[in-house]
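This is what each chain is made of:
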Amino acid sequence: MKLLERARAEIVALQPYSSARMEAGTGAIMLNANESPWPSVGAASALNRYPDPQPAALRAALARLYSVVPANVLVGRGSDEAIDLLVRAFCRAGSDAVVTAPPTFGMYAVAARIQGATVIEAPRGDGFVLDGQAILAAVTDTTKLVFVCTPNNPTGDVVPLAVLAHLAGALRDRAVLVVDEAYIEFGDDTQSAISLLSRHDNIAVLRTLSKAHALAAARVGALIAAAPVVALLRRIQAPYPLPAPSIAAALAALEPAALADTDARIARIRGERDRLARSLLALPGVIAVFASAANFLCVRFADAPGAYRALATAGIVVRDVGGYPGLSGCLRITVGAAKENAALLGALGACEAAA
Ligand SMILES: *Cc1c(COP(=O)(O)O)cnc(C)c1O
């Protein structure tokens, strides 16, 4: 695979750490990993044995969920870990670069800077529409990764699949197009870039169980990519990335009954999102509510600090995204349960009445 020539040569050549669990998985008497033979009495379940580094059942369940084969799945500590692994595997400190299109998720730039890679920012078009041409114009010989978030955090807009296919084609053998789909489940039949993987082996899709699947505290995410890319990242991943209770929680969340409940929660959030958007827009202090295919709304206020303070006084915490390029006066509001959204609208309405 030609793309791997763009990875750091020392990572491709690295003799990876081989953990006890990888060398020998099961036996009647396990004396190879210096574990305790007894569980802690304080643990809810027995945790004295190291977990499987890439649990086959979880990989298989995620592969089914995302319509790929297990070799295309890297499971890890949230999609945050996948972002870090991609940057570390591909970017040489001091010489390589990543391209991002702000306003977008801040972790891409942070992970790149921690690695010592340059962050090149491509401008967006009117209404924050992702500009494929601007992204390609920002790509140089040393660009290894291009990050696209769809639906985008914090604006909520979706990048059409045709734009992603065009980008992937133009970046073939040169850079990985990383498509972060953390919120895709909340969209209107939004098609996943996973469907492009068979034609474009330089796409890596990030999915997470943190949002729609309601498992943020479990820290389970997946990277979906060509098998050689998955194998490359495995070389630098921590020996035991997933705690056993998180593996169990993820497997339970992927059972048919839990998936049906997830679908019902998604439908509820979508309904609440559209109701909340209309109600916010009716408030005189609200200038704009960005169309969102995610579980949050980006809202521009006439007086964002005043709105933030009124909400804080009512015990309601939202995210101030006014510091992002182009988003001055904006707050990002997560769509909550009906009662929570009503409380938010009440607090904003009361603050305007007082003004
Ligand atoms: C929340 C979020 C994630 C998910 O991160 P996890 O580490 O899987 O919890 C990824 N990308 C974006 C853009 C997000 O907003």
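Every residue gets a number counted from 1 within its own chain, in the order that chain's sequence is written. A pLDDT threshold of at least 70 governs which residues receive local features in this predicted model, and a stricter bar of 80 or more applies before side-chain atom pairs are shown or counted, although totals over entire chains, interfaces and linings include all residues. Heavy atoms from the whole structure form the basis of all side-chain values; hydrogens and water molecules are not counted.

Chemist: Mind showing me how you'd approach the packing of aromatic side chains here?
Modeler: A pair of aromatic rings is counted whenever rings of Phe, Tyr or Trp (Trp by its six-membered ring) have centres within 6.5 Å, and the orientation is called stacked for planes under 30 degrees apart, edge-to-face for over 60 and tilted otherwise. With the rule as written, the count across this model stands at 5 aromatic pairs. Between the aromatic rings of Y50 and Y240, the centroid separation amounts to 4.3 Å while the plane-to-plane angle is 20°, which identifies the pairing as stacked. Linking Y50 in the loop between α2 (20-23) and α3 (56-66) with Y240 in the loop between α8 (227-234) and α9 (244-253), this pair joins segments that are 190 residues apart in sequence. A relative accessible area of 22% means that Y240 is categorised as partly exposed. Plain terms: the ring middles of Y183 and F296 are 5.0 Å apart, the flat faces sit at 85° to each other, and that makes the pair edge-to-face. In this text, helices come from DSSP runs of H or I with a minimum length of four residues, and strands from runs of E with a minimum of two, each type numbered from the N-terminal end. Working definition: with a 1.4 Å probe on protein chains only, accessible area under 20% of the residue-type maximum means buried, over 50% means exposed, and in between means partly exposed.

Chemist: Please explain the pattern of salt bridges as it appears in this structure.
Modeler: Think of it this way: side chains of opposite charge can pair up when their charged atoms draw near. Salt bridge criterion: a side-chain nitrogen from Lys or Arg within 4 Å of a carboxyl oxygen from Asp or Glu. All told, the structure shown has 13 salt bridges when counted by the stated rule. R88 is the partner of D84 in a salt bridge, and the nearest nitrogen-oxygen pair spans 3.1 Å. Of this pair, D84 and R88 are both found in helix α4 (residues 78-90), 4 residues apart, which corresponds to roughly one turn of the helix. Using a relative accessible area of 28% as the deciding quantity, one classes R88 as partly exposed.

Chemist: Just to check I follow, could you spell out the pairing of strand β11 (residues 330-334) for this structure?
Modeler: Regular strands have side chains that alternate between both faces of the sheet. The buried fraction of β11 is high, at 4 of 5 residues. Any two strands with at least two DSSP-identified bridges between them are counted as paired. Of the strand pairs in this sheet, strand β9 (residues 296-301) and β11 are connected by 5 bridges, and their pairing is antiparallel. Looking at the pairing, L297 lines up with I333 of β11. Strand direction decides the pairing type here: strand β10 (residues 319-320) and β11, joined by 2 bridges, are antiparallel. Residue pairing across strands places R319 opposite R332, the latter belonging to β11.

Chemist: Looking at this structure, I do not really get the site of the ligand. What am I missing?
Modeler: Neighbouring residues are identified by heavy atoms, a residue being near a molecule or strand if any of them is within 4 Å of it. Among the 14 residues in the neighbourhood of the ligand, the closest are listed as D180, Y183, T208, K211 and R219. We define a polar contact as two N or O atoms separated by no more than 3.5 Å, with the added condition that, inside protein, one atom must be a possible hydrogen donor and the other a possible acceptor, whereas residues neighbouring each other in sequence contribute only through side-chain atom pairs. For the ligand, an oxygen atom lies 2.6 Å from a polar atom in the side chain of Y183. A distance of 2.6 Å is found between an oxygen atom of the ligand and a side-chain nitrogen or oxygen belonging to S210. Every accessible area reported is derived by Shrake-Rupley at a probe size of 1.4 Å, with residue values counting cover from the shown protein chains alone. Protein chains shield 93% of the accessible area of the ligand, which is 380 Å² for the free molecule. Counting residues per element, the shell around the ligand draws most heavily on α4, which supplies 3 residues. A breakdown of the residues in the shell around the ligand according to their chemical character gives 5 nonpolar, 5 polar and 4 charged. Three categories are distinguished: nonpolar for Ala, Val, Leu, Ile, Met, Phe, Trp, Tyr, Cys and Pro, charged for Asp, Glu, Lys and Arg, and polar for the others, with Gly belonging to the last.

Chemist: Sorry, what's going on with the sheet that holds β9 here?
Modeler: Strands in a sheet are paired, the pairing made by backbone hydrogen bonds, and the direction either parallel or antiparallel. On the basis of which strands lie adjacent, the open sheet formed by 4 strands has the order β8-β9-β11-β10 and antiparallel pairing. Here the strands that pair on one side only, and so sit at the sheet edges, are β8 (286-289) and β10. A contact between two residues is defined here by any heavy atoms of the two lying within 4.5 Å. The axes are straight lines fitted to the C-alpha atoms, using for helices just the contacting stretch, and the angles between their N-to-C directions are given from 0 to 180°. Strands in contact with helix α10 (residues 256-281) are β8, β9 and β11; relative to β8, the strand with the most contacts, it is inclined by about 150°. Contacting β9, β10 and β11, helix α11 (residues 304-313) crosses the sheet at an angle of about 35° to β11.

Chemist: How should the nonpolar core be read in this particular structure?
Modeler: Note that soluble globular proteins tend to have their nonpolar side chains buried in a common cluster. We call a set of buried Ala, Val, Leu, Ile, Met, Phe, Trp, Tyr and Cys residues a nonpolar core when their side-chain atoms join them within 4.5 Å. Of all hydrophobic cores here, the largest spans 45 residues; its most connected members are L58, L62, I135, V148, L164, L177 and I224. Residues within four places of V148 in sequence aside, it is in contact with L130, I135, V159, L164, L167, L177, V178, V179 and D180.

Chemist: I keep staring at the sheet that holds strand β7 (residues 221-224) and nothing clicks. Help me out?
Modeler: Across the sheet, which stays open at both edges, the 7 strands sit in the order β1-β7-β6-β5-β4-β2-β3 with mixed pairing between neighbours. Taken across any chain shown, the strands that pair with only one partner, and hence form the sheet edges, are β1 (73-76) and β3 (118-121). Strand after strand, the sheet turns through a mean of 20° between neighbouring axes, direction not considered. As judged from the 5 bridges shared by strand β4 (residues 143-149) and strand β5 (residues 176-180), these two strands associate in the parallel manner. Pairing of L145 across the sheet is with V176, part of β5. Sheet strands in contact with α8 are β1 and β7, and its direction is about 30° off that of β1.

Chemist: Teacher, can you tell me more about the side chain of T208 here?
Modeler: Locating T208 in the fold gives a position in strand β6 (residues 203-208). A distance of 2.9 Å separates a polar side-chain atom of T208 from the backbone nitrogen of S210. Leaving out residues up to four positions away in the same chain, T208 has contacts with Y66, S79, A182, E185, H213, V220 and G221.

What is shown is where atoms sit, not what they do.
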